[in-house]
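# Tertiary structure, described
Here are the chains, one letter per residue:
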Amino acid sequence: MSGQGAAPRTTLDLRVRVWGMGANGQAFFQNATAQNISSTGACIFGIEPELKVGDVIGVQYEGRKARCKVIWVVEAGGLKKTQIGVQLVVDQDCPWKAVLPPEEQAAMVPSAPDNRRKFLRHKISFPLELRDERVNTPMRVNATDISGNGCYVETVMPLAIATSLRVDFWIDQEHISTIEFTGLTADSKKGFQAHLDKLDPGMATATAKTER
């Protein structure tokens, strides 16, 4: 993950937790070791399942979690098993910031919202009920990164890509039921975003000031 403009690397061995969906469609959750860390990514070895470039996985160091994209994969063999390079997804805070050199910490700035998104993401806990219509068993979860156009939900057993889910939630006294968020009309998405902005007004205000 080196190259022109890349963030400086720090050589440390950090015990991390890694989870996601392997190439075989099976969820995994395991310990691993992060090395060559920076404010934007790391090299992680000891990965057991097969992963491919472009996969998004969860990484946790101590109490801090982040979503990361796999940008390279090497079959290291032996104790290192599969070795991967990961890069933090846009809007994700660096989970190992506290162990980076002071000069790199000072150079870090809060990540700006992805301009491709139509709505501001709120990092709040928002209750949802998900239902895989193939088995019709509800899962009560909390979204931790949500907007009027979609959300990030962390589950013990990740679902396969393209799984169709029914999502149920409440806006004040109104019950909303939709398939993913694609079933919401444009007006409903705007209304839901306004509801989220009321729940997390500080985030909306800070973003508005940044964009001026």
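Scope of this entry: the structure provided in the associated data block. (Residues numbered from 1 in each chain as written. Predicted model: local features only at pLDDT ≥ 70, side-chain atom pairs only at ≥ 80, totals over all residues. Heavy atoms only, no water.)

### Remarks on the overall build of the protein chain
What counts is decided by this rule: Under the DSSP-based scheme used, a helix requires at least four consecutive residues in state H or I and a strand at least two consecutive residues in state E, with every element numbered from the N terminus. Accessibility here uses a 1.4 Å probe with only protein chains present; expressed as a share of the type maximum, an area under 20% marks a residue as buried, one over 50% as exposed, and anything in between as partly exposed. By definition, residues are in contact when any of their heavy atoms lie within 4.5 Å. The protein chains shown are the only cover counted for residues, whose accessible areas, like all others here, come from Shrake-Rupley with a 1.4 Å probe.
The helix and strand inventory of the protein chain stands at three helices and eleven strands. Every one of the 212 residues in the protein chain was classed for burial, and the buried ones make up 41%. Residue pairs in contact within the protein chain that sit at least 24 positions apart in sequence constitute 52% of those at least 6 positions apart. For the protein chain, the accessible area works out to roughly 12,300 Å², and carbon and sulfur atoms hold 52% of it.

### Looking at the pairing of strand β2 (residues 27-35)
Look at any regular strand and the pattern is simple: side chains alternate between the two faces of the sheet. Definition in use: Note: two strands are recorded as paired if DSSP finds a minimum of 2 bridges between them.
Taken together, the eight bridges between strand β1 (residues 14-21) and β2 define a ladder with antiparallel strand orientation. Each residue of the ladder has a partner; that of V16, found in β2, is A32. Pairing of β2 with strand β3 (residues 41-47) involves three bridges; the strand directions are antiparallel. Counterpart to Q35 in the pairing with β3 is C43. Two successive antiparallel strands, β2 and β3, enclose a turn made up of five residues, where N36 displays a positive phi of approximately 45 degrees.

### Here we look at unusual backbone geometry
Positive phi, close to 45 degrees, is recorded for N36, a residue that is not glycine. Relative to the helices and strands, N36 is located in the loop between β2 and β3. Classification of N36 by relative accessible area gives partly exposed; the value is 34%. Positive phi values are uncommon outside glycine, yet E62 reaches one of about 50 degrees. As for its placement among the helices and strands, E62 is situated in the loop between β4 (56-61) and β5 (64-77).

### Here we look at the environment of H122
For H122, the position within the fold is in the loop between α1 (102-107) and β7 (126-132). Sequence separation of H122 and L199 is 77 residues, and the distance between their C-alpha atoms is 9.0 Å.

### Thoughts on the nonpolar core
In globular proteins that are soluble, nonpolar side chains generally tend to be buried together. Inclusion rule: Buried Ala, Val, Leu, Ile, Met, Phe, Trp, Tyr and Cys residues that are joined via side-chain atoms within 4.5 Å together make up what is termed a nonpolar core.
Membership of the largest hydrophobic core comes to 23 residues, with the highest contact counts inside it found for V16, V18, I44, I57, I84, V86 and W96. Contributions of two or more residues to this core are made by β1, β2, β3, β4, β5 and β6 (81-88). With residues near it in sequence (within four places) discarded, V16 still touches Q30, N31, A32, T33, A34, V59, Q60 and Y61. Listed in part, the 13 residues of the second largest apolar core include I124, L130, A143 and V167.

### Concerning the side chain of Q83
Structurally, Q83 is set in strand β6. Here Q83 falls in the buried class, since its relative accessible area comes to 15%. Setting aside its immediate chain neighbours within four residues, Q83 contacts C43, I44, F45, W72, V73, V74 and A76.

### Description of the pairing of strand β8 (residues 137-147)
The sheet contact formed by β7 and β8 spans seven bridges and is antiparallel. Residue pairing in the sheet places L128 in a bridge with V141 of β8. Judged from the four bridges that link them, β8 and strand β9 (residues 150-153) form a sheet pairing that is antiparallel. Bridge pairing in β9 links I146 to C151.

### So, helix α2 (residues 186-199)
What counts here: By definition here, a helix of n residues has an expected span of 1.5 Å times n minus one. This arc corresponds to the set of directions leading from the helix axis out to the C-beta atoms.
Look at α2: 20 Å from first C-alpha to last across 14 residues, which is about the 20 Å you get at 1.5 Å a residue. Among all positions of α2, only K189, F192, Q193, H195 and L196 are buried. Taken around the axis of α2, the buried residues stretch over an arc of 160 degrees, which confines them to a single face. In α2, the exposed positions angled more than 90 degrees off the buried face are occupied by D187, K190 and K198. In this fold, the buried residues of α2 make contact with β7, β8 and β10 (165-171).

### Topic: the pattern of salt bridges
Side-chain pairs of opposite charge can arise where the charged atoms are in close proximity. Inclusion rule: Take a side-chain nitrogen of Lys or Arg and a carboxyl oxygen of Asp or Glu: if they are within 4 Å of each other, that pair is a salt bridge.
All chains considered together, the criterion is met by two salt bridges. D55 is the salt-bridge partner of K52, the closest N and O atoms lying 3.2 Å from each other. Given the relative accessible area of 11%, D55 is considered buried. The salt bridge partner of E129 is R140, with a shortest N-O separation of 3.2 Å. Of this pair, E129 sits in strand β7 while R140 sits in strand β8, and the two are eleven residues apart along the sequence. Of the residues examined, E129 reaches a relative accessible area of 16% and is grouped as buried. Residue R140 is classed as exposed on the basis of its relative accessible area, which comes to 68%.

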